[in-house]
Each structure stands twice: as C-alpha cells, then as structure tokens.
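Given next are the chains, with one letter for each unit.
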Amino acid sequence: MTHPAHTPLLELKNICKTFNDTTSWRGRSSKGVQAVANATLSLYPNETLGLVGETGSGKSTLGRIALRLIAPSSGTVMFEGQDITHLPARLMREKRQRMQMVFQDPYGSLDPRMSVDKLVSEPLSVHDVSYAERQEKMQAALRQVGLDPSLAHRYPHEFSGGQRQRIGIARAMVLDPTLLVLDEPVSALDVSIQAQVLNLLHEIQVRTQVSYLFIAHDLSVVRHISHRVAVMYLGRIVEIGTRDAIYTRPKHPYTVSLLSAVPIPDPDLERTRKRIPLIGEIGSANNTPNGCRFHPRCPRAREMAQQPSIAKQKIGSIEIPIICTTQDPALVGSEQEHACACHFPHQTF
Amino acid sequence: MSNASKILLDIRHLSVAVGDVQSKTPLIRDVSLHVKARETLAIVGESGSGKTLSFLAALGIAPNNVKVTAGEVLFEGDDLTKLNPNELRARRGTAISMVFQDPLSALNPVFSIGTQIIEVLRAHLPMTHAQARARAIELLERVHIPDPHRRVDDYPHQFSGGMRQRALIAMAIALEPKVLIADEPTTALDVTVQAQVLELLSQLREETGMALVLITHDLGLVARHADRVAVFYAGSVVEQAGVQDLFHEPRHPYTVSLFRTIPRLDSPANTALTPIVGQPPNLAQLPEGCPFAPRCYLVKPDCGSAQVKLVDTTNKEHLSACHYWPEVHPES
C-alpha cells in the first residue's frame, strides 16, 4: 500500500475518448458520444486501483484504453515507462504478454468448443511458446487458480460459474502479466463464490506482484480489494485517492451519495443511516451538462446556492451557483493521496 | 407491527419437482411461508436455491414441466394450486402481482409503455381505452416518472433502466394487488437507482397496505427493508426469523456463513473473507440428511444421515433447520 519511489507501471494522461465523432465528405459533423473526458491516473507495481461509477460512466472504456484495445481520441498511455499510445501492432503484441484482461461474464467469454487446456494455453501459442513449455505453463496456471489440471480436457459447460471465472483468470495469468484489467470480475457470481474469487485474486497478487485495475460497481467489493480508488462520473474522474481517504473522508458530493446508498447488512445501523439521495439519474454522454457535469444532480450545489455570498443562477425552479454551471472543476490534489474535482470540496452537509 | 394484521398469502408444505413420472427431480421441498398485510418478507439465497421458483409455482406460472407435487398455497381461503387456469388468471394481478428482475426483457419492445399498462387494465377491468389511458398516466405519476403525459407514449428503449423498472412496478400495482412479489427488482440497477426503487416500493406498501415479498441476494437490502426473512438453501427454507433476530442471532450455519462471505462497507478494511467451501449441491443428487452438511463448519457425524426439519427455536417465530442450532454462534 505504500508505494516507494517506483515508476508507475501504467500511466494514463489526459485521456479523452469520443465515439462516432465523424465529419462526412459533405462536411457535416456529428458531435459523437464523449465516453471519457480528460482522465489521468497511474497504477504502480503490486497495486490494486479500483475504478467505480454508475453504468455509462466510462469505466470500462477507460479500462480498455489502458490495454489499448481501444485507441484514445487524445491523451497518452504509458506502460512500463514507454509511450504506447501509437505503438504499431507488431510491437504492441509483445507488450500485451504483460497486460491481460479478465471479463465479467464467465459464460460468454470462454469459447464453448474449446477444452480448458486449449483455452488456457491459447495465449501461449499466440506468443510462440513451444508445446512442452505450453503444457507446463498451462498446468501451473490452473493450479495457481485452484483447479485440478487433470480436469483440463473438459469443456467450459462442465464447470460452474465460479470455476469458469477461475479459468478466465488462469487464461489471463498464463503469460505472467504485470498488469491485469478486471472488468466486473465477480458481479456475475453468487456471494459465496464471489468471496472465493476475491480471495484468489488477493493470493495471486501476493505471489506474483501483479497490478490490478479493478473495474466494478459494487463499492463494498472495491473497498475490500483496492489500495486506491477512482470514482468516475460521466466520463470524468471526480475523485481519486487512497482507499481510506475515499471511504472515510469522501470530498466529492457524488462519492458521498454513492457511499450513502450502499446498504449495510445490519438492521439497527441501516435503519438509522442517512441517505443523501441524488436527484434524477445519470445524464447522457451524448449531451454532457455545461460546467460541472454533476451539477444537475448535485445536492451540495443546491445547498451552496442558499448562501448569500455566492453568485447563483436560476435553472427551472432551482438555484445553482454560477461557478458550477459554467466552469468544469479540475481535479485538485495529489492523485496518490486524495484529489477531488469539485468547486466546494470542503463543505459538508 | 404485524400482530393484528391477517395472513394474506400462506404457502404450506409446498413441494415442486421437474420432470416426468419416471424421473422426477425435486426442486422445492416442503416450503412453508406466509406474509401478512403491510409486511415485507425477504427471501434470500443463492442462485438455484428455489427462491424465485417457489413463488412462480405458487402463482401457476412456472415452466410447463415443473409441477407442484404436494402442499397448498392459500389466498383468502382458496388453494391456488387447485384453481383452474381461468380462476387463477383472475387472481393474478388483482390479488398477487409480480415484478421481475430484468426490466428490459419483461417489457415488450414493440409496444409503448402506455399500451402495455392499458392492456393490463383492460384485461381485468371494465374500462374504456380513454379511461385506461388516464389511469396509466396516473400510475406512471405515482411511480415518479417525470412528465408522465408525454412519457406514456414512449417505448421501453426510450426509458432508462430505473425508469423501466418503475414502469414495471406501475404495471404490477395497476390492479391494486394485496401481495406484490418483487423478484430481485434492483439487481440490474445502479446503487443510487436501486435505493430510489426500493424507497418507492416501501412507500407504495405503506400507502396501500399491500404485503411485499422481496426476493434478493443482497443482505444489506434485507437489513434495511425487511420485517421478516426466510433463508433458502437447496430448495428448502433453512432459517426463518424476524430481521433483528436473524441478523443478531442467526441459528443456522448457512446464514452465519453468508454473513461472513460478504465484504461490508463498515467492517475494518483488510478483513479476510471466509468463503463457503465447495459448491451448492446438485438437486438431483441431494445428500441424505442435511443438504448443507458438506459445506458446513459445524458439521457433526450424524448430520450426513439424520433428516433435518425446520423447528421453532423460540416462542417468537425463529425457525431453524439445523440439528445443532443452539451451538450456532455468529462470533465463532
């Protein structure tokens, strides 16, 4: 959790991604969908960074950009100290041995017509490893995820959801990657199985020092596994910091509301907890609001508009501080410790 | 709150099996549950434990090859399992109604939201199209859909996930049912929207006095919303209690294991999770004796052979299906 003066394994600098922003031959342009806006983060060796946010916040897109499965519209992707944003495919393939992905759906992500040994050794044959070495590594990878290598001739349908997710992890780990992007790896699993997979991921990290970019919407799971956490809202990282900073001293009103919405399995505590409800639903990335993109739902902006010293603007029947509707707040603070993108980060409710 | 309320839905010793006469696989074994007016009963358990199927079978909407083999489902004096399809159809929606998990596949994509609500209303009530439409708008307003006069003509794809789930709730309460069964109503939704939908269900329950059955796997939601809880494992109820008793004094090892296996927002960071060892059992080859025995931390030699039964552990309705319930301590 303490990162000495390492260089980051992965650095994303000012990443933007807009889908379908085309200009046709007649000069007509369409604005497109802005999925990620100016996201900056870094991931250190042996670290887990949790990436949370609602559906449509751009967290999966950012994860795919980190592996360069999608090219960013602008910004830089650095991996092991090298700029890989425009690396040609041939060189990229060499890098990909050390950057792998685990997907959400353990049913859809494994080819039903390939046996487990083929599935797990396939990444090795792509990267030109000899047959004997492939077999050896495949068996080691299966053992690492707690599966008996004698079951390797079976097909995915013969395994349960939790076991299939283990196969997905073995397939990603067989190349000894230094970076693993996990996109909702446990959300399709039952709670008892979820704990097995979370413990497994922890063991693997202790053993291999691999770094995780852990994308999830379940805030309790992310708290359990992450060293640092980034919160995304409509394509923007609105708060990032150490796990304890985010969970015990959240600054951004969105993080505060998100945390207050997570139910805690304790009836006494749960029925006295204060919810800070968000107004409405997540906006559309087609049409991001001006200024701070959270202002249409922000309870704090409404609160601040009550103060006489603050210049405000009437939108419909509500008042919002002008600064919130006109200026997009920058992420202020240290990304390693605690940074927040809000005009009023120190106000409490 | 429930002392004076009457029992609305009473499921007694329900057993359900799949397959033909030659090979039957029991899916639900001897489940007894009841809900009272104004009460929220939570049903928890893993996938395949039979929590949804119990209610599908009770309403007669389980798949064709799934049959009720024993037991009765009493609603206002009638046994629903004995009614003919027409009588049963008349009771669905008006007496008992259901909200399903996935709001996108539960709505028909080629009809507008309004048309689908109007269809429900006119199938059961003598209403003109105009009356039904006015009522549909009223219902959408009731579930907090903004601008219902305009949105009533929208199609499902124009609604967000949370709004679709609300439209389904509007449809489910259209005939003012006495019991509303919500099957994982928020699993497909984001946490902020989840909170809004559940507040809406609680509010509707308060206003109309209906009973709410909340099928879920999220123990946090149970803690917040339920009055009583039934825990399912491998097709039967292994523990049933008031929400306070269940959380503070669980009396079945499976319930205790469930609590230990989930990461909590308020537990100290870095607490190791204790997963439940092994897999849920195959219902076709259930072990003799207690079905949870192979995964149980408290297992004793006779657990593998002695039949388990749900017994009352106190005089205040705390049932457990463990031979050794006095030895179950959440702290150990």
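The paragraphs below set out a description of the structure included in this document. Note that the coordinates shown come from a computational prediction; the quantities given were computed from them, not determined experimentally. (Residues numbered from 1 in each chain as written. Chains lettered and ligands numbered in written order. Predicted model: local features only at pLDDT ≥ 70, side-chain atom pairs only at ≥ 80, totals over all residues.)

1. What to know about the overall build of chain B
A tally of helices and strands in chain B yields 11 helices and 12 strands. Relative to its length of 332 residues, chain B is compact, with a C-alpha radius of gyration of 21 Å against a globular reference of 20 Å. Along the first, second and third principal axes, the C-alpha set of chain B runs to 70 × 50 × 40 Å. Burial analysis of chain B (332 residues in total) assigns 47% to the buried set. Taking the contacts inside chain B whose residues are at least 6 apart along the sequence as the reference set, 64% of them involve residues at least 24 apart. (Helix = DSSP H or I, 4+ residues; strand = E, 2+ residues; numbered from the N terminus. Rg over C-alpha atoms; globule rule 2.2 N^0.38 Å. Buried ≥ 20, exposed ≤ 12 C-beta atoms within 10 Å, placed from the backbone. Contact = placed C-beta atoms within 7 Å.)

2. Description of the overall build of chain A
Counting its regular elements, chain A contains 12 helices and 14 strands. On C-alpha atoms alone, chain A measures out to a radius of gyration of 22 Å, which is about the 20 Å that the 2.2 N^0.38 rule sets for 349 residues. Principal-axis analysis of the C-alpha atoms gives chain A an extent of 75 × 65 × 40 Å. Taking as baseline every contact in chain A between residues at least 6 positions apart, the subset at least 24 positions apart corresponds to 65%.

3. Comments concerning helix H4 (residues 113–124) of chain B
All names here are of chain B. In this model H4 runs 18 Å from its N-terminal to its C-terminal C-alpha over 12 residues, within 8% of the 16 Å that 1.5 Å per residue would give. Among the residues of H4, Ile113, Gly114, Ile117, Ile118 and Leu121 are the ones counted as buried. Seen from one end, H4 has its buried residues packed into an arc of 120°, which puts them on one side. Those residues of H4 that are buried lie in contact with helix H5 (129–142) and helix H7 (161–173). (Expected span 1.5 Å × (residues − 1). Arc of directions from axis to C-beta.)

4. Some thoughts on the interface of chain A and chain B
Listed per partner, the contact involves 33 residues of chain A and 32 residues of chain B. Elements with a minimum of two residues in the side of chain A that touches chain B: helix H6 (191–208), helix H7 (219–225), helix H8 (243–248), helix H9 (253–261) and helix H10 (267–272) of chain A. Considered class by class, the residues forming the side of chain A that touches chain B number 14 nonpolar, nine polar and 10 charged. (Nonpolar A, V, L, I, M, F, W, Y, C, P; charged D, E, K, R; others polar.)

5. Focus on the sheet that holds strand S2 (residues 24–36) of chain B
Residues and elements named next belong to chain B. Strand order in the open sheet formed by four strands is S2-S1-S4-S5, and the pairing between neighbours is antiparallel. Bordering the open sheet on either side are S2 and strand S5 (78–79), each of which pairs with just one other strand. Sheet analysis places strand S1 (residues 7–19) next to strand S4 (residues 66–75), joined by eight bridges and oriented antiparallel. Within the sheet, the bridge partner assigned to Val18 lies in S4 and is Val66. (Pairing = 2+ DSSP bridges.)

6. Remarks on H9(A)
Looking only at H9(A), the buried set comprises A:Pro253, A:Tyr254, A:Thr255, A:Ser257, A:Leu258 and A:Ala261. For H9(A), the elements touching its buried residues are H7, strand S9 (228–233), strand S10 (236–242), H8 and helix H11 (299–304) of chain A together with helix H8 (191–208) of chain B.

7. A closer look at the pairing of strand S9 (residues 228–233) of chain B
Residue and element names in this part refer to chain B. Among the six residues that make up S9, six are buried, leaving the element largely enclosed by the rest of the structure. Judged by which residues are buried, S9 turns out to be covered on both faces: Arg228, Ala230 and Phe232 on one side and Val229, Val231 and Tyr233 on the other are all buried. With six bridges joining them, S9 and strand S10 (residues 236–242) adopt antiparallel strand pairing. Counterpart to Tyr233 in the pairing with S10 is Ser236. Counting the residues between successive antiparallel strands, the hairpin from S9 to S10 contains two residues, one of them, Ala234, with a positive phi of roughly 50°.

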